[in-house]
Structure formats: structure tokens, C-alpha cells
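# Analysis of the macromolecular model
Below are the chains, spelled out letter by letter.
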Amino acid sequence: MDLASLNAQQRAAVEQTEGPVMILAGAGTGKTRVITFRIAHLIAKGVPPDKILAVTFTNKAAKEMRERLGQMRLRAAKGDPQPTICTFHSLGARLLRQHAERLGYKRNFVIYNESEQISALKKVMSQLSSKAKLPDPAEVAPLISRHKNGAAWTALARHGTISALAKSLLGKYQSALRACNAMDFDDLLALSLQLLREHEDVLADCRGRFQYVMVDEYQDTNAAQFELVRLLTARHQNLCVVGDDDQSIYGWRGAEISNLLDMEKHFPKVKVVKLEQNYRSTNTILQAANAVIRHNAQRRAKQLWSQKGEGRRIVLRVFPSDEEEAQAVARRIEVARVGHRVPWGRHAVLFRTNQQARALETALRAARIRYHLIGGQSYFDRREVKDFLAYLKLFVNPHDDISLLRVANVPARGLSDATMERLLAESHASHGSVFSAMRLAQERGLFQTRTRDCLAAFMRLVESERAKLHSTPVPGFSLRAWAEGWLQDIGYWDDLRRGEKDAEAAEHRVRNLKDLISMLDGPELEGETPASRLISFLEQVSLDREREEDEEAGDAVTLITMHSCKGLEFPHVFIVGLEHGLLPHTRSIEENTLEEERRLFYVAITRAQQTLDISYCLARMKYGQLAPSHPSAFLQELPEALVDREDAKSKKPLSPQEARQWFAQMKGGLEPSSPGTAG
């Protein structure tokens, strides 16, 4: 295994293979490269590939790691044992598919996404007899999620009555999920932990299989993930964690920076390797980032540096309002494109809250600049996609109430809201599923003849499609053709087109759905029924949370929140809204989480490769009126020597030579532009 292309720190991290190891990987220091080299090095040393587990936080990261490893192991034959490289939730899903019966579930359990989880909670809350106004289920769900991921109820008590309600609902909510043979996203970890704690043979099997464990983005692990890692590695201690405490920005959703900061407490013999050579940014950008993060007390010291030269100084601008700030960003981007031939796609605008995107979108549209808003509507939140997945889940498991209630009257088939509400009440009374209540209603003649006929037709559809799926393995059975067939039979395509006034928008929805259907026929394993293949597909979709961010944007400016930008890099970065109350956010000031807000600023700074522009406003639109704003205290932490203040510099006129050169560039660079969003 040739390690010559690695720097000294990276090589030390790769070669330290035995016992606990912590790789402190600063921003842009090549951690993915180190992880893949380390896996390849273990295999070259004779470790069987299938004894290696690498856990990441996103499917995108896992895929990238597998692809890089595949390129490095060119001689690995097809069918050879492979390392397990997956997310925490994928690992949990694999464990639970094998052993679900041990916990009282069937192996064909469905995985509820966030919107389905909220629907299930809404159903449970509708049965409460409370006269007081209940909170939105969307406010309750995150607290249940935090508790399932290891947070004690006492730690969540600051949320007041919502926390108390979440605690009282948890048992009923879990019972509702179990009745539908469903798990939510958090159960994949919580139930995996329960499985390993209660069944020593399963734990022993996992420990024997995974002799070398690596965890990426370790600073983002929560209590449940930490416990899962601890259980797997407690005996052999061959654990390598890779992370950066300076990039721990997800405390609000349960990530515990202490997992990394207190590593020696949990693994006393841990060896620490620091990666500090940055391959992304200029030294001006890195020196600014180092200076800012140095103000945090809770951290492990690191000093990023690069061989990319000093680069341009950081530009700091101040604007009268957020509207003028957004317009100025749009102008800068267009000047760079026309005058310096810098494509739109090489720019990113970073902001703290989603609300800041409105002014930016308005300005970019007005300037006819294409943009890609990351964190806009999720691919899986589109109506046609949710309908289709609900049908698939229903055909796998007709007792999945959430899916059934979504599509029972889609397209319209005479099953009105009143009918479905009555069936829902019957299911509550009989402690069964809505599908079971449909059967009972037929037997007891609870509805008028027309409604009974509609119910019978719907039940025939479900049972007929289920029968096709559960038939004995049929080589060449196409799930794609099957899905297109029943969608045509129930009139879904026509219904989808009728639901849009704009023909182009309708065809866009049809294309969305056909793209998803085309993914149904994955590799077919010998002996698999169509149902088991469909279950695998649904699991893959449930665990693939990043699809919407992977869509090809083409040449377009990226608009993205600071929380979403970690792991990304852009040649030219604008950080807008550096104001007190935005960054640091008002909530963080109240909750004393200022260090995490400073880490968020650090993450934003270190996305920039070549140029960094930072701005703030003196007034910002709030509730339809301009309200005064004040600059963030973090701006004072930027070294003066690294910053140009544009408000002073911009008054200096161009020299005649600069003006002629500028005019020539403008004249030569003019190109037609097109407005709107990309992707």
C-alpha cells in the first residue's frame, strides 16, 4: 500500500491501526482521503474486509467513501467480501431487519419519515380528552426524538408543558407505531441499542464481525450513537474516530461535543493525531478562522495552514437594509461573471436562518441570476412522491394507517373525509387498524351501498397488488412495470395532470414520479420475492435523506444555511447577516450556547477557497417593517490586518488605466443570462 501521497500527519493517522485512535481533522484537511486510505491499509495488512465497519452521517459520504475505496482496490474481484460502509441509521436498519422478531416486530416493518411521524402523533393526540389547546405535533415530535436519542426528560424540561406532553404521549405513540409494524427514524438507533443490550448473542455476533470500527464526524454523535459505538468496541478497542470539535454545530438536535472532548475518559489509551494542513483555502481565510475559534474555551487546540498563499483579504461591508445587502450581493456576482468570467456556480451565499433567503431570492431573480436554494422543498415532500410511497407501503403492510389514510381517496374513489373519520373512530374502538375496520364495516353493513362498493373496490385493489408482490420468486418480475400498471389502472397519472393548471408543471410532476419508479428494479437476488425487493427499496428511500441536495443544479449560485454547508466548499463565499440576534442567534444568547454559534461562524468561514465577503445591515425587515440591527460581536474577533472595510475603500475612484481595462473586460464578457432557480 503506497502512502507516499499523504502528508506526515495523514500518514501517521493511517498507520496507527491498533487500539483506540482519535484523528482531529480540521476543516479541509482531507479526512475522507485519510479514512479510505486507512481502510485500504488495514486490508493490505491482512485484515479481512468484512471485519471492517466505517460509519458516516450521510449516504452521500458513505457512497463517496465506497467509490474511493473501489478505485484504490482495483484488484478486488466482484463478489469478494467488502467492508461495511454506511450511516448509523442504515446499520440499525440492517440489524433490525435480521432480528426484528426479537423485539416483537415483523421483518417487513416500514420506516416512517418525519411527516409520517408527525401524522402518527397527530392521530394519537386526537384521542386525548384535554380541553386545553394542544400544541402542534411538529413541536412535540423533536422532543420525543431527542429522548429516543439519549436525552433525559429532565434535560428537556426547559421546554415546559410541551416536554411534559411529549413524555406522556411516548408510550401511546410507540404503541401506535407497533400496531402499524412501523418504526420511526429514531427507532432504528433506539431499538438497535435495545436489541444489543437484551440479546447477548446478537451483540457477540456484531463484535465478532466488526473487529475494526471507524466513525466519521464523531463530534456530531449523540448519546445513542456513542453507546452503540461503545457496545461494539468495548472488547477489542479497535476504534478510530475522526472529527473536529471546532465544527460541532448540531447541539440543538442532540449532538454531544463531549463525546470527542472527553475521549480519553472513555478510552484512556487513545492515541491522538492532528490534521492541520488545509487543502482548500488561502492562509488569509484560515488565519481569520483560527483567530475566531481561538475565543472558544471548550476545544482542542489546532492551527490550520495551507500552501495556497495568502490570497485576497476578507471584505467586510455594511448596508442600510437587508434588501440593499441582497442587491449588492447579486451585483457582485454578476460583475464577477461579466467582468471576470466567473461562472455563477462558483459562488455561494451563506446565511443563519431560512428567513434570510427571501430577500436574496428576490434580488437574484431581479438580476436574472440562476440560483439553487439548498434546503428548499425536499424531493420526498412533493405530493406525487408522497402518494406513491404511501401506496407502496400500503401494499407491503395494509395495517399502516398513516399510508392508508393518505391515499384511500387518491384519486377520488368515493371515500369521503366523513367516511374515513368514521372508519378511524371504529379502528380506535376495536383497537385495530383502519384496514381491519374496513372489513368490519363491510361485515356489519355500516355504510350505504355506494360507500360499501367503494370500500370493497379499494380493498380488492390492496389485496390484489399484495398477492402479486407475495407470489413465489418470479425471475424477471419488473417492479417498475408493476407500479406503472396499477398507477394507470387507478387513474393516478390523469389525476396528477388534472391537479395542475399549468401543463408544464403537471409534466414536471409526472417526470418526478417516473424518475422514482425507474429506481424500483435494483439488483435481483436469487430467491427474493417481489415483496422483499420492494421492502429493500422502501428502506433505501427512507434512509436516503440527501437526494434533494444532490440534484444537479448546473451553473447556479448556491443559497444555503450555515448549518447545511458543512462539508461543502466554494471558490467565492458571501456570508450575509452578521448581526446580533442572527449570529449569534437570540436563542443561543438566552440558552448560553455562544460557543456553538462561534463554531457555526468558523464553519461558514472555512467553506471559502479563494475569496470571502462578509456583510451586515443597520436595519432588517421584520414583520413587514424595518427594525434596527447591530453588528455581531464575532466581527470584532476578525484580525484587522486580514480585513478590508468596503465602506471606506469603495469611495476610491478607478484610475484611467483600470477603467479602460474594466470596460474591455465588460465588453468582451457580455453573455445573455436567464433568470430563476436551478434544479
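This one's a predicted model, so the numbers in the text were calculated from it and none came from an experiment.

## Details of helix H20 (residues 434-444)
What H20 keeps buried is the set Val-434, Phe-435, Ala-437, Met-438 and Ala-441. Along the axis of H20, the buried positions cluster into a sector of 155°, meaning they face one direction only. Seen from the buried face of H20, the exposed residues on the opposite side, beyond 90 degrees, are Glu-443 and Arg-444. Looking at the buried positions of H20, the neighbouring elements they touch are helix H18 (401-407), helix H19 (417-430) and helix H21 (449-469). Positioned one or two residues after H20, Gly-445 has a phi angle of 60°, which is positive.

## Here we look at the pattern of salt bridges
Evaluated as defined, the whole model comprises 47 salt bridges. Between Asp-262 and Lys-265 there is a salt bridge, and its shortest N-O distance comes to 3.8 Å. On the basis of relative accessible area, Lys-265 is assigned to the exposed category, the value being 63%. Among the ionic pairs, Arg-444 bridges to Glu-426, the shortest N-O distance being 3.9 Å.

## Remarks on unusual backbone geometry
Here the residue pair Val-410 and Pro-411 is connected by a cis peptide bond, since its omega of -10° sits within 30 degrees of zero. If you trace the backbone, Pro-411 turns up in the loop between H18 and H19. Cis peptide bonds are those with omega within 30 degrees of zero, and the linkage from Leu-583 to Pro-584 qualifies with 5°. Backbone geometry at Gln-237 places phi at a positive 60°, although glycine is not the residue there. Mapping Gln-237 onto the fold places it in the loop between helix H11 (223-233) and strand E7 (239-243). Look at His-431: it is not a glycine, yet its phi comes out positive at around 55°. Tracing the chain through its elements places His-431 in the loop between H19 and H20. A relative accessible area of 76% means that His-431 is categorised as exposed.

## With respect to the sheet that holds strand E1 (residues 21-25)
Reading across from one edge, E3-E2-E6-E7-E1-E8 is the order of the 6 strands in this open sheet, with parallel pairing throughout. Looking at the sheet topology across the chains shown, the edges are occupied by strand E3 (84-87) and strand E8 (271-275). Within this sheet the neighbouring strands show an average axis-to-axis angle of 15°, counted without direction. Looking at chain direction, strand E6 (residues 212-215) and E7 are connected through 3 bridges and run parallel.

## Topic: helix H1 (residues 8-15)
Burial in H1 covers these residues: Gln-10, Ala-13 and Val-14. Buried residues of H1, viewed axially, fall in a sector of 100°; they line one side. Its buried side turned inward, H1 meets E1, helix H2 (31-44) and E8. One side-chain oxygen at the N-terminal end of H1 lies 3.0 Å from the backbone nitrogen of Gln-9; it belongs to Asn-7.

## Comments concerning the packing of aromatic side chains
Inspection of every chain in the model, using the stated rule, returns 9 aromatic pairs. Residues Trp-482 and Trp-486 carry aromatic rings whose centres are separated by 5.8 Å and whose planes lie at 65° to one another, so their mutual orientation is edge-to-face. One end of the pair is Trp-482 and the other is Trp-486, both in helix H22 (residues 479-489) and 4 residues apart, which spans about a single turn. With respect to burial, Trp-482 and Trp-486 carry one shared label: buried. Here the aromatic cluster, defined as three or more aromatic residues joined through ring pairs, consists of Phe-388, Tyr-391, Phe-395, Trp-482 and Trp-486. In this structure, Arg-253 packs its charged tip against the face of Tyr-250, placed 3.9 Å from the ring centre. The lysine or arginine in question, Arg-422, covers the ring of Phe-447, its NZ or CZ lying 4.8 Å from the ring centre.

## Examining the pairing of strand E12 (residues 347-351)
Taken residue by residue, a regular strand's side chains alternate between the two faces of the sheet. Most of E12 sits inside the fold, with 5 of its 5 residues counted as buried. Covered by surrounding structure in E12 are His-347, Val-349 and Phe-351 together with Ala-348 and Leu-350, the residues of both alternating faces. In terms of strand pairing, E12 meets strand E15 (residues 570-575) through 4 bridges, oriented parallel. Paired with Ala-348 across the strands is Val-573, a residue of E15. Summarising the sheet, E12 and strand E14 (residues 557-561) pair through 4 bridges and their orientation is parallel. When the bridges of E14 are listed, Leu-350 appears paired with Ile-560.

Calculation notes
- Each chain carries its own residue numbering, running from 1 in the direction its sequence is written.
- This being a predicted model, a pLDDT of at least 70 is required before a residue's local features are given, and a value of 80 or more before pairs of side-chain atoms are given or counted; all residues contribute to the totals for chains, interfaces and linings.
- With hydrogens and water excluded, all non-hydrogen atoms of the structure serve as input to the side-chain values.
- Each residue gets one of three labels from its accessible area relative to the maximum for its type: buried under 20%, exposed over 50%, partly exposed in between, using a 1.4 Å probe on protein chains only.
- Secondary structure elements follow DSSP: runs of H or I of four or more residues count as helices, runs of E of two or more count as strands, with numbering from the N terminus.
- Throughout, the arc means that of the directions going from the helix axis to the C-beta atoms.
- We call two residues contacting when some pair of their heavy atoms lies within 4.5 Å.
- The rule for a salt bridge is simple: a side-chain nitrogen of Lys or Arg has to be within 4 Å of a carboxyl oxygen of Asp or Glu.
- Pairing between two strands requires that DSSP report at least two bridges joining them.
- Axis lines are fitted through C-alpha atoms, for helices just across the contact stretch, and the angle between N-to-C directions can take any value from 0 to 180 degrees.
- For this analysis, a polar contact is any N or O atom pair within 3.5 Å, provided that within protein one partner can donate a hydrogen and the other can accept it, and provided that sequence-adjacent residues contribute only side-chain to side-chain pairs.
- Stacked, edge-to-face and tilted are the three classes for Phe, Tyr and Trp ring pairs, Trp counted by its six-membered ring, which pair at centre distances within 6.5 Å; planes under 30 degrees apart are stacked, over 60 edge-to-face, the rest tilted.
- By definition here, charges over rings are those cases where NZ of Lys or CZ of Arg is within 6 Å of the ring centre and within 35 degrees of the ring normal.

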